Amino acid sequence: MTTPSTDSGATAPGRTTRAVAHLNAGPLDGSGALLDVDLEVDAPGPRDLLVEVRAVSVNPVDVKVRASRDPAGRPGVLGFDAAGVVVAVGADVESFAVGEEVFYAGSLERAGSDAGLQLVDERLVGHKPRTLSFAEAAALPLTALTAWEALFGALGLDEGAEGTLLVVGAAGGVGSVLLQLARARTRLRLLATASRPESAQWVRRMGAHDVVDHHDLRDAVLAVVPEGVDHVVSAYSAGNAQAFADVLRVRGAVVAIDDPEDLDLTPLKPKSQSWHWEFVFTRPLFEPESSAQHEVLEEVSRLVDAGELRTTMTTLLSPLDAANLTKAHRLVESSATIGKVVVAVAE
Ligand SMILES: NC(=O)c1ccc[n+]([C@@H]2O[C@H](COP(=O)([O-])OP(=O)(O)OC[C@H]3O[C@@H](n4cnc5c(N)ncnc54)[C@H](OP(=O)(O)O)[C@@H]3O)[C@@H](O)[C@H]2O)c1
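All values derive from a computational prediction rather than experimental measurement. (Residues numbered from 1 in each chain as written. Predicted model: local features only at pLDDT ≥ 70, side-chain atom pairs only at ≥ 80, totals over all residues. Heavy atoms only, no water.)

S.K.: When you look at the packing of aromatic side chains in this model, what are you seeing that I'm missing?
M.R.: How two aromatic rings sit relative to each other is given by the distance of their centres and the angle of their planes. Scanning all chains against the criterion turns up 5 aromatic pairs. Residues Phe279 and Phe281 carry aromatic rings whose centres are separated by 5.7 Å and whose planes lie at 80° to one another, so their mutual orientation is edge-to-face. You can call Phe279 partly exposed: its relative accessible area is 39%. Classification of Phe281 as buried rests on a relative accessible area of 2%. Feature note: the residues Phe80, Phe279 and Phe281 constitute an aromatic cluster, connected by ring pairs. The cationic tip of Lys128 hangs over the ring face of Phe134; the distance from NZ or CZ to the ring centre is 5.1 Å. Residue placement shows Arg185 over the ring face of Phe152; its charged tip is 6.0 Å from the ring centre. (Phe/Tyr/Trp six-rings, centres within 6.5 Å; stacked < 30°, edge-to-face > 60°. Buried < 20%, exposed > 50% of the residue type's maximum accessible area, 1.4 Å probe, protein only. Lys NZ or Arg CZ within 6 Å of the ring centre and 35° of its normal.)

Listed below in structure tokens is the structure:
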């Protein structure tokens, strides 16, 4: 691995970095799943930061891309969530300087964060919370952006919003930060699903007022809130459209973040309920000029440093290499993790 030098130039000629890449789409035990490689680093584009990555966290999207996207013979570097230090900036960068500590979730279209050095557009980046370590900070960006966009974008909630919100899959990465954000920024009553004692305890720590088991969703929710809920944020939607229709009030709304197959939304029609999607990569893919994710991450950073949000890291592996990322992918694809799995460089 090459140790990056700190510079303020717009180019990084001849730099290489170690990275963890996949060579084929497929299962973790297949050949070419996750390998340690050395790669050349491109020069930063005009709005790019070159970041020395100190820690990453693994999300289900890492697992889904690894399993399904064939990098066509070239090493494909996975990784979205990261925290690190800016070591070079592009010519038109406005919000960051060399030496600043940052965190971000990046985009689907560029080489990922499972690397020593990564290029990322500054419009997708926030300053890392000062009160968190790199590992603690790397747990947050992708899930915080998703939760923010679901609550304040798709559902259109604002400061002080009242009513009842059901969070399905609440012990996972998104649910863990969404409960905290809703608690910090709204007056919603928060009903969270959790099916094990340890996940139930965790969602209460994250801010849930009430906990229900997702194995009997309709009856469990109506036992706690007989009048029904106003909103649902769902990380596990497959087979749940009828239950959501039953527990939602008239004109209630669902925001789904997962990829349910064979989705039939007709159960939502009688009560004129609505279904929304939230996808954290919509902005980087279709609105690349937008700085909205930069602004949200700056606000998340402020909330953390003000003591209103905490890290969701529950597992820390080190160093950042193929062996530990393989362990992390295995944990995340179990769909049983609580909070977030982080992989950090050795201190
Ligand atoms: N659209 C986006 O931008 C976006 C962003 C992030 C994640 N996602 C997607 O959201 C989904 C969840 O990801 P995540 O990282 O938040 O969480 P996760 O790590 O997948 O969540 C794991 C937790 O979910 C609970 N769970 C497992 N199966 C469940 C089920 N059938 N119903 C309800 N809860 C269940 C488990 O707790 P208990 O069983 O104990 O309750 C477990 O602790 C994934 O499909 C991911 O790809 C989408």
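S.K.: Honestly, the sheet that holds strand E12 (residues 229-234) in this entry has me stumped. Any pointers?
M.R.: Strand order across the open sheet formed by 6 strands is E11-E10-E9-E12-E13-E14, with parallel pairing between neighbours. Because the sheet does not close on itself, it has two edges, and the strands there are strand E11 (210-212) and strand E14 (274-277). Mean inter-strand twist for the sheet, computed between neighbouring axes without regard to direction, equals 20°. Strand direction decides the pairing type here: strand E9 (residues 164-168) and E12, joined by 4 bridges, are parallel. Looking at E12, one finds that Leu166 is bridged to Val232. Where helix H5 (residues 197-206) meets the sheet, it contacts strand E10 (189-193) and E11, and its direction lies at approximately 150° from that of E11. (Pairing = 2+ DSSP bridges. Helix = DSSP H or I, 4+ residues; strand = E, 2+ residues; numbered from the N terminus. Axes fitted to C-alpha atoms, helices over the stretch in contact; angles between N-to-C directions. Contact = heavy atoms within 4.5 Å.)

S.K.: Whenever I open this one, the site of the ligand confuses me. Can you help?
M.R.: Close to the ligand lie 25 residues, the nearest being Lys64, Ser199, Tyr236, Glu278 and Val280. Within the contact set of the ligand, an oxygen atom lies 2.9 Å away from a side-chain nitrogen or oxygen of His214. For the ligand, a nitrogen atom lies 2.9 Å from a polar atom in the backbone of Ile257. In the complex, the protein chains occlude 88% of the 920 Å² of accessible area that the ligand would expose alone. Elements with a minimum of two residues in the shell around the ligand: helix H1 (60-68), helix H3 (141-154) and helix H4 (173-185). By residue class, the composition of the shell around the ligand is 12 nonpolar, 9 polar and 4 charged. Split by domain, the shell around the ligand shows at least three residues from each of two domains, domain 1 (16-140 + 283-344) and domain 2 (143-277). (Near = heavy atom within 4 Å. Polar contact = N/O pair within 3.5 Å; in protein donor to acceptor, adjacent residues only side chain to side chain. Areas by Shrake-Rupley, 256 points an atom, 1.4 Å probe, with all protein chains shown as cover. Nonpolar A, V, L, I, M, F, W, Y, C, P; charged D, E, K, R; others polar. Domains from an automatic or database assignment.)

S.K.: Can you help me understand the sheet that holds strand E1 (residues 16-22) in this one?
M.R.: Each strand in a sheet pairs with another by means of backbone hydrogen bonds, the pair being arranged parallel or else antiparallel. The sheet built from 3 strands is open, its strands ordered E2-E1-E4 with antiparallel pairing. Every interior strand has two partners, whereas the edge strands, strand E2 (35-40) and strand E4 (76-77), have only one. In this sheet, E2 lies alongside E1 in antiparallel orientation, the contact comprising 6 bridges. Along E2, the bridge assignment pairs Thr17 with Leu39.

Such coordinate-based values are descriptive only and should not be taken to indicate function.
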